[in-house]
Amino acid sequence: MEGNAYQGFEFRLRIEGPKGVQELVLPLGITTIGRQAGNDLQLDDPQVSRRHAQFDCTLTECQITDLGSTNGTRVNGERLPPQVPRTLAGGNVVEIGGYRLLLEQIPVRAQAETKAPMPPEAEPASKERPALEATSPALKPIPPLSEEEAPPAPPAPPAPSAPSAPAEGEPLLPPGLDKYSRRLLDYLPSIYHTDLMSRFLALFESILLPIEWTIDGFDLCLHAGSAPADLLPWLASWFDVVFDPTWSEAQRRTLLAEAHKIYARRGTRWALSRVLEIYTGQRPVIEDGGEGRTPFTFRVSLPSIPPGLNRELIERVIDVNKPAHTTYTLEIEG
């Protein structure tokens, strides 16, 4: 073998992520990528699935396959359909979660063989003795390699393509949806894993997935701290409470979060005091009983009337939360 003969490629990854930059030489065969321990390339990012994607490299090419990940795999800005291999070229950029993987394709050539010197008796004859060269059994010419045995010529690596941008006027899809199927395609045999079928099933997923999200997150709508503001009146109706515009959103959420404790002790001094404290932002003083006080009467004292409120509004709150058979007097110290 004369000179350097082509042998194949060596594929390297330049990995840019939250923890810096590192390089990895991809071995021949399959290299798995994921967030879970046990993958050949572990990427610690919440946007990376436990088994996200895999590389499949040979001497002549390298392919990447998305394994049905949640957030998808992109090559030069284009999202890959799941379970469909994509052949990569040098300079391609693979995006997985918060990581950016640049593929380098380096031609590998075999080293030239070192010829051992021939002994004097085996040296070929000079031009004056052509018959000896043709008849000597030790000097049989090496037959040339056939076209099938010869290694292919190294292909020129294509120039990296620019990331594809969304078409002008194209509607933006909400997070979790895509033009390609993310889940339903996995229920079909691999013969149906085509681009057309993936796009077709994506139509049904755009209807099904938002319904599943609503069901999965419905418990958040039942909590006073996470429910949307428009649902607070509905939650208040469970306790027969009607908020007027003087109740701020923070006051409404606080009352609803403690409503189970307040209503368990409704009609007591503690319950009335806690409701007034939430509404006015001041701790009231409630006095009942004692010598010289009329039975079933009590007195409520507040330091002052907060801005935006008046005496009538405070009395309305007391009327709703006091025992029905009692009367009271409201005193404002300020």
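Summarised in this report is the structure supplied together with it. This is a predicted model, so every value here is computed, not measured.

### Notes on unusual backbone geometry
Item 1. The phi dihedral of D240 is positive, around 60°, even though this residue is not glycine.
Item 2. Here D240 is to be found in the loop between α4 (232–237) and α5 (249–257).
Item 3. With a phi angle near 60°, F296 is a residue other than glycine that sits in the positive phi range.
Item 4. Note that F296 resides in the loop between β12 (285–288) and β13 (297–302).
Item 5. F296 sits in the exposed class, given a relative accessible area of 57%.

### Some words on helix α2 (residues 195–216)
Item 1. Compared with an ideal rise of 1.5 Å per residue, which puts 22 residues at 32 Å, α2 spans 29 Å between its outermost C-alpha atoms and is within 8% of the ideal.
Item 2. At E205, α2 shows its strongest bend, of approximately 35°.
Item 3. Taken residue by residue, α2 has S198, L201, A202, E205 and L209 as its buried positions.

### A look at the packing of aromatic side chains
Item 1. Here the structure, examined in full by the defined rule, presents seven aromatic pairs.
Item 2. Between F200 and F204, the ring centres sit 5.2 Å apart and the planes meet at 75°, which makes this aromatic pair edge-to-face. With a gap of four residues between them, F200 and F204 both fall in helix α2, about one helical turn apart.
Item 3. Owing to a relative accessible area of 43%, F200 belongs among the partly exposed residues under this scheme.
Item 4. Since its relative accessible area comes to 45%, F204 is described here as partly exposed.
Item 5. Considering the side-chain rings of F243 and W247, the 5.3 Å spacing of their centres and the 55° angle between planes classify their relative orientation as tilted.
Item 6. By relative accessible area, W247 is classed as buried at 8%.

### Looking at the side chain of S198
Item 1. Structurally, the position occupied by S198 is in helix α2.
Item 2. Here S198 falls in the buried class, since its relative accessible area comes to 0%.
Item 3. A polar side-chain atom of S198 sits 3.0 Å from the main-chain amide nitrogen of S181.
Item 4. Not counting residues up to four positions away in its chain, the partners in contact with S198 are P81, K179, Y180, S181 and L185.

### Observations regarding the pattern of salt bridges
Item 1. This model, assessed by the stated rule, comprises 15 salt bridges.
Item 2. A salt bridge links D44 to K19; its shortest N-O distance comes to 3.9 Å. Here the residue D44 occupies a position in the loop between β4 (41–42) and β5 (53–57), and K19 occupies one in the loop between β1 (5–17) and β2 (20–25), the gap between them amounting to 25 residues. There is no split in this pair, since D44 and K19 are both exposed.
Item 3. Two residues, D288 and R269, come together in a salt bridge whose shortest N-O distance is 3.4 Å. Taken together, the positions of D288 in strand β12 and R269 in helix α7 (residues 269–280) put the pair 19 residues apart, joining distant regions of the chain.
Item 4. Relative accessible area serves as the criterion here: at 45%, D288 is assigned to the partly exposed category.

### Some thoughts on the state of the cysteines
Item 1. Within this structure, the stated rule accounts for one disulfide.
Item 2. Two residues share a disulfide in this structure: C57 and C62, whose sulfurs sit 2.5 Å from each other. Taken as a pair, C57 and C62 share a single burial class, namely buried.

### What about the sheet that holds β4?
Item 1. Here we have five strands laid out as an open sheet, ordered β4-β3-β5-β6-β9, and mixed in their pairing. If you trace the sheet from one side to the other, it starts and ends with β4 and β9 (86–88), each paired once.
Item 2. Note that strand β6 (residues 62–66) and β9 share three bridges and pair antiparallel. Each bridged residue has a counterpart across the sheet, and for I64 the counterpart in β9 is R86.

Reading the values: rules and limits
- Residues numbered from 1 in each chain as written.
- Predicted model: local features only at pLDDT ≥ 70, side-chain atom pairs only at ≥ 80, totals over all residues.
- Heavy atoms only, no water.
- Helix = DSSP H or I, 4+ residues; strand = E, 2+ residues; numbered from the N terminus.
- Buried < 20%, exposed > 50% of the residue type's maximum accessible area, 1.4 Å probe, protein only.
- Expected span 1.5 Å × (residues − 1).
- Bend = angle between axes of the 7 residues up to and from the residue.
- Phe/Tyr/Trp six-rings, centres within 6.5 Å; stacked < 30°, edge-to-face > 60°.
- Polar contact = N/O pair within 3.5 Å; in protein donor to acceptor, adjacent residues only side chain to side chain.
- Contact = heavy atoms within 4.5 Å.
- Salt bridge = Lys/Arg side-chain N within 4 Å of Asp/Glu carboxyl O.
- Disulfide = S-S within 2.5 Å.
- Pairing = 2+ DSSP bridges.

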